[in-house]
Structure formats: structure tokens, C-alpha cells
Amino acid sequence: MSLIEWKEAYSVGVAEVDLEHRGLIDLINDLHALMGKGATYEKVVDTLGEIYAQISAHFALEEKFMRTSRYAGYSSHKENHEELLDELRDIMDRVEDDGSFEEQRLSAELERWFTVHFSTHDAKLHGFEQKHQSS
Ligand SMILES: [Fe+2]
Ligand SMILES: [Fe+2]
């Protein structure tokens, strides 16, 4: 079973953002599945690097959308993106320092990390986008 299941509630109503959210969920689910199949430490480190790169690009896209649509919650949303990137860097540093990874801990961290941001900051973008289109 996948670690994170896509929910309609995650949809923010901006096609490009939704597409990337689905891609990010797939990538995290792939890492979870790989660890379940006994992935090597190197493979896990590489995949975390890929997740970090895709998430950085995704945050940049969302921030661009928020700026162009003059979204009032831009600062706090961007701040949360920065905190998330810091947390992910800390997770990657820990895995590199340890020279190993704890499968369950890593999966739980990534799952919580994503779903909390999706269902709070990103979910608010959805309401905003609808208002924006109807005005
Ligand atoms: Fe976001
Ligand atoms: Fe997002």
C-alpha cells in the first residue's frame, strides 16, 4: 500500500501545482516502496536528493503563483516552505551522518511533512484560487 494516497482535498485548483503535488506524492511513495524492498543506503540518499530538488522547484512555482495573484498569505506560506526545506536538509544530514537510515522513521517523517503542509497552507490556496476566479 502507498504511504500517501492522493485526496481530492489536496487539489489546489491550479493544474500545474496539482500535477506537481501528484508527482511529489509518487516520488515519496517510490522511496517508501524502495525501502520496503531493501534499497541500499546509496539509493535512499540519491532519492532523498531528488525529492529535495523537485520540492525546491515546486515551492518556487507555488511562490510565483502566489506573487502573481497577490495572495495575502504569501509570507507565511513561503516561510513554511523554508522551514520544510530546512527540515528536509536536517533529515538528509542525519542520514548522511549516521551512514544508515531507519526505514519507519524516515517514512513517517516524510509522510507527516507533506500531508501537514498540503492540508494547511496549500489547502488555503484552493479557497483563494476559487475566489480569485469568481471575482
Ligand atoms: Fe506550499
Ligand atoms: Fe505545494
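The preceding data block contains the structure.
What counts as what
- Residues numbered from 1 in each chain as written.
- Chains lettered and ligands numbered in written order.
- Predicted model: local features only at pLDDT ≥ 70, side-chain atom pairs only at ≥ 80, totals over all residues.
- Heavy atoms only, no water.
- Helix = DSSP H or I, 4+ residues; strand = E, 2+ residues; numbered from the N terminus.
- Expected span 1.5 Å × (residues − 1).
- Buried < 20%, exposed > 50% of the residue type's maximum accessible area, 1.4 Å probe, protein only.
- Donors = N, O, S within 2.8 Å, 3.2 Å for Na, K, Ca; no water.
- Tetrahedral: all angles 85-135°; square planar, octahedral: opposite > 155°, others 65-115°.
- Phe/Tyr/Trp six-rings, centres within 6.5 Å; stacked < 30°, edge-to-face > 60°.

Novice: Tell me about helix α3 (residues 74–98), and please be specific about residues and values.
Specialist: With 25 residues, α3 ought to run about 36 Å at 1.5 Å a step, and its terminal C-alpha atoms sit 36 Å apart, in line with that. Restricting attention to buried positions, one finds in α3 the residues Tyr74, His77, Asn80, His81, Leu84, Leu85, Leu88, Ile91, Met92 and Val95. Directly after α3, the chain includes Gly99, whose backbone phi takes a positive value near 70°.

Novice: Report on the coordination of the iron ion (ligand 1), specifying residues and quantitative values.
Specialist: Protein ligation of the iron ion (ligand 1) involves Glu62 (OE), His77 (NE2), His81 (NE2), His117 (NE2) and Asp122 (OD), the donor distances falling in the range 2.0 to 2.2 Å. Going along the chain, you hit the donors of the iron ion (ligand 1) in the pattern E-x14-H-x3-H-x35-H-x4-D. The metal-metal distance between the iron ion (ligand 1) and the iron ion (ligand 2) comes to 3.5 Å, with Glu62 coordinating both. Of this pair, His77 and His81 both sit in helix α3, four residues apart, roughly one helical turn. The class of His77 is buried, set by a relative accessible area of 1%.

Novice: Please give an account of the coordination of the iron ion (ligand 2) that cites residues and values.
Specialist: Every protein donor of the iron ion (ligand 2) is accounted for by His21 (NE2), His58 (NE2), Glu62 (OE) and Asp122 (OD), and the metal-donor separations fall at 2.0 to 2.3 Å. Its four donor atoms give the iron ion (ligand 2) angles of 85 to 170° at the centre, a pattern that matches the irregular case. Here the donor residues for the iron ion (ligand 2) map to a single chain with the spacing H-x36-H-x3-E-x59-D.

Novice: How would you sum up the side chain of Asn29? Please name residues and give values.
Specialist: Inspection of the secondary structure puts Asn29 in helix α1 (residues 15–36). Classification of Asn29 as buried rests on a relative accessible area of 12%.

Novice: Kindly report on the packing of aromatic side chains, identifying the contributing residues and their values.
Specialist: Scanning the entire structure with this criterion turns up four aromatic pairs. When the ring of Trp6 is compared with that of Tyr10, the centres are 5.9 Å apart and the planes differ by 70°; the resulting orientation is edge-to-face. Of the residues examined, Tyr10 reaches a relative accessible area of 5% and is grouped as buried. When the ring of Phe114 is compared with that of Phe118, the centres are 5.0 Å apart and the planes differ by 70°; the resulting orientation is edge-to-face. One end of the pair, Phe114, and the other, Phe118, are both in helix α4 (residues 103–134), four residues apart, so they sit about a helical turn from each other. For Phe114, a relative accessible area of 6% gives the class buried. Taken together through their ring pairs, the aromatic side chains of Trp6, Tyr10, Trp113, Phe114 and Phe118 make up a single cluster.

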